[in-house]
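Here's the letter readout for the chains.
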Amino acid sequence: MLHGVDLDVWPGELTVVLGANGSGKSTLLRCAVRLLDPDAGSVVLCGAELVGARGRELREARRQAAMVFQQVLLVRRRSAVENVAYGALGELPLHRSLSSRLFPAELAERAHASLARVGLADMAWKRADTLSGGQAQRVAIARALCQRAQLVLADEPVASLDPRAAEEVLVLLGEIARVEGLATLVVLHQPELAFRYADRVLGIVSGQIVFDAAPASLDEQRVAALYQGAVT
Amino acid sequence: MSETTVEGTLPGRSFTRPRSVRRRLLGVVAVIAGTALFAHAWRDTGASFTSLFSGFHNTVNLLGRSVPPDGSVLKDSIRASILTFDTALLGTAGALVLSLLLVPLAARNITPHRFAYEAARLVIGVTRAIPDFVFALIFLVAVGLGAFSVVLAIAAHSVGVIGKLYAEAVEDMDMGPVDALRAAGAGRLQVFLHAVLPGIAATFTGLALYRLDTNVRSVLYLGAIGGGGLGFLLYNSLQLFQYQQATTELAVLLVLLLVVERVSLMIRQRIV
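Residues numbered from 1 in each chain as written. Chains lettered and ligands numbered in written order. Predicted model: local features only at pLDDT ≥ 70, side-chain atom pairs only at ≥ 80, totals over all residues.

1. Regarding the interface of chain B and chain A
Reasoning step 1: Opposite the 19 residues of chain B that make contact, chain A presents 23 residues.
Reasoning step 2: A total of 8 residues in the side of chain B that touches chain A trace back to one element, the largest contributor, which is helix H8 (residues 188-227) of chain B.
Reasoning step 3: Of the residues belonging to the side of chain B that touches chain A, the class tally is 11 nonpolar, 6 polar and 2 charged. (Contact = placed C-beta atoms within 7 Å. Helix = DSSP H or I, 4+ residues; strand = E, 2+ residues; numbered from the N terminus. Nonpolar A, V, L, I, M, F, W, Y, C, P; charged D, E, K, R; others polar.)

2. A closer look at helix H2 (residues 55-62) of chain A
Reasoning step 1: Among all positions in H2 of chain A, only Arg59, Ala61 and Arg62 of chain A are buried. Summarising the axial view, the buried residues of H2 of chain A lie within an arc of 160°, below the 170-degree limit, and thus occupy one face. (Buried ≥ 20, exposed ≤ 12 C-beta atoms within 10 Å, placed from the backbone. Arc of directions from axis to C-beta.)

3. Details of the sheet that holds strand E7 (residues 200-205) of chain A
Residue and element names in this part refer to chain A.
Reasoning step 1: One open sheet holds the 6 strands; their spatial order is E4-E5-E6-E1-E7-E8, and the pairing between them is mixed. Edge strands, defined here as strands with exactly one partner in the open sheet, are strand E4 (65-68) and strand E8 (208-213). Sheet twist, expressed as the average angle between the axes of neighbouring strands with direction ignored, equals 20°. (Pairing = 2+ DSSP bridges. Axes fitted to C-alpha atoms, helices over the stretch in contact; angles between N-to-C directions.)

4. Some remarks on the environment of Gln137 of chain A
Reasoning step 1: In this fold, Gln137 of chain A is placed in helix H5 (residues 133-146).
Reasoning step 2: Judged by the 30 C-beta atoms lying within 10 Å of it, Gln137 of chain A falls in the buried class.

5. Here we look at unusual backbone geometry
Reasoning step 1: Omega for the peptide link from Val67 of chain B to Pro68 of chain B comes to -5°, which places this bond in the cis form.
Reasoning step 2: Among the secondary structure elements, Pro68 of chain B is positioned in the loop between helix H2 (49-65) and helix H3 (74-106).
Reasoning step 3: Non-glycine residue Glu156 of chain A carries a positive phi angle of around 45°.
Reasoning step 4: Inspection of the secondary structure puts Glu156 of chain A in the loop between strand E5 (151-155) and helix H6 (163-179).
Reasoning step 5: In this structure Glu156 of chain A comes out as partly exposed when scored by C-beta crowding, with 19 C-beta atoms within 10 Å.

Take a look at the structure:
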């Protein structure tokens, strides 16, 4: 359940959301692109109201935000570069999107460039189900880049990765935020990673944002209390 | 060494849970009802051990008159077996196309509207409920004698069977890639083509091949009622007491069924 969440995230900034299980972190991200329908209230994403939006209007609004999920949600039987290009499906006319062979050459170039950006240029033709967890998550980030969204929403993107791959993914998300100028909102369960990589940290308890501060101004006790639901 | 005493009731000595009188009575009633059902079926079908034994003598006699096989019908049998396969192939392909059009509506997790879901499920339910034999009788009248009416019958019935299996496969699939593409702003058809179809392509192909295998067998008996092919030849030979011809046709039939089954199994093992 979310209560009165009003959140601005800025281009070039990596914002991390921390909170206990069930606090509403994933709900916040899923509502933001209306993968979940809120019971009441409104969802305004990049100036567009999502509640009540249907068809083309909803798809246009969703294109402004790219999602990176906790479980790497790639199409397993397709190549890495095809998966990256899927990020731009929404901008293609129907007749150019019926098969990946019909995708425009410009999109193919963009997909390869996005893969190169995440350091996987040589993995372009590998099937998604043959990639390691870290590589697959980087492909998902490349897909977000290929989407040319204004906002990247990452829902526990390092939850299933080993510590080294997790650091690589967070470094990459930070670079994307700063170099590409994207607003990046990342849900994490590891406060230490938030302190190290975030420009801004949000704490969420029972669907309400209880603090919004730079990592340097936060003390560990306040964050620890977040996981006991004691922050007010 | 300390001694521990355990007090209380000893556990039971049986592996089965004690049953109430009501449950025991229900068990007795179930046994009586089951026995009555089988007794009725035995009487209704005129089953008898005497017929079984006298039939055995007739079968031995029939086998004696069936050898050696008549090689003069080999060419016709092979041609008819190809027609049988072609009929099954076209019927299955028609059913596949129609099923793929129905699946986006008939799978609860991707259907655009409840009304579309109910309508698609109704089509699937009705076509599945009507046997291919009944469809064949209808199409033999509507289109005329020949293999094409069997193609239509096979297609019509298989839409229900394949459509149901495909819709259930989609409902059981991992929705992750679907959510990922929806979140990126892809439309329904784009999501179906690029996330749903690749996700269950192996299941779809496996089911289609299995259905082709089943349909080859169905075409055989539908052929006997006017659909042509190997079934028709075999039926005629038996009606005209040409048992040596029937042996050749049965041998070709066996080869056809084995080849279709083996090839379909090989493909399924490679892709699934």
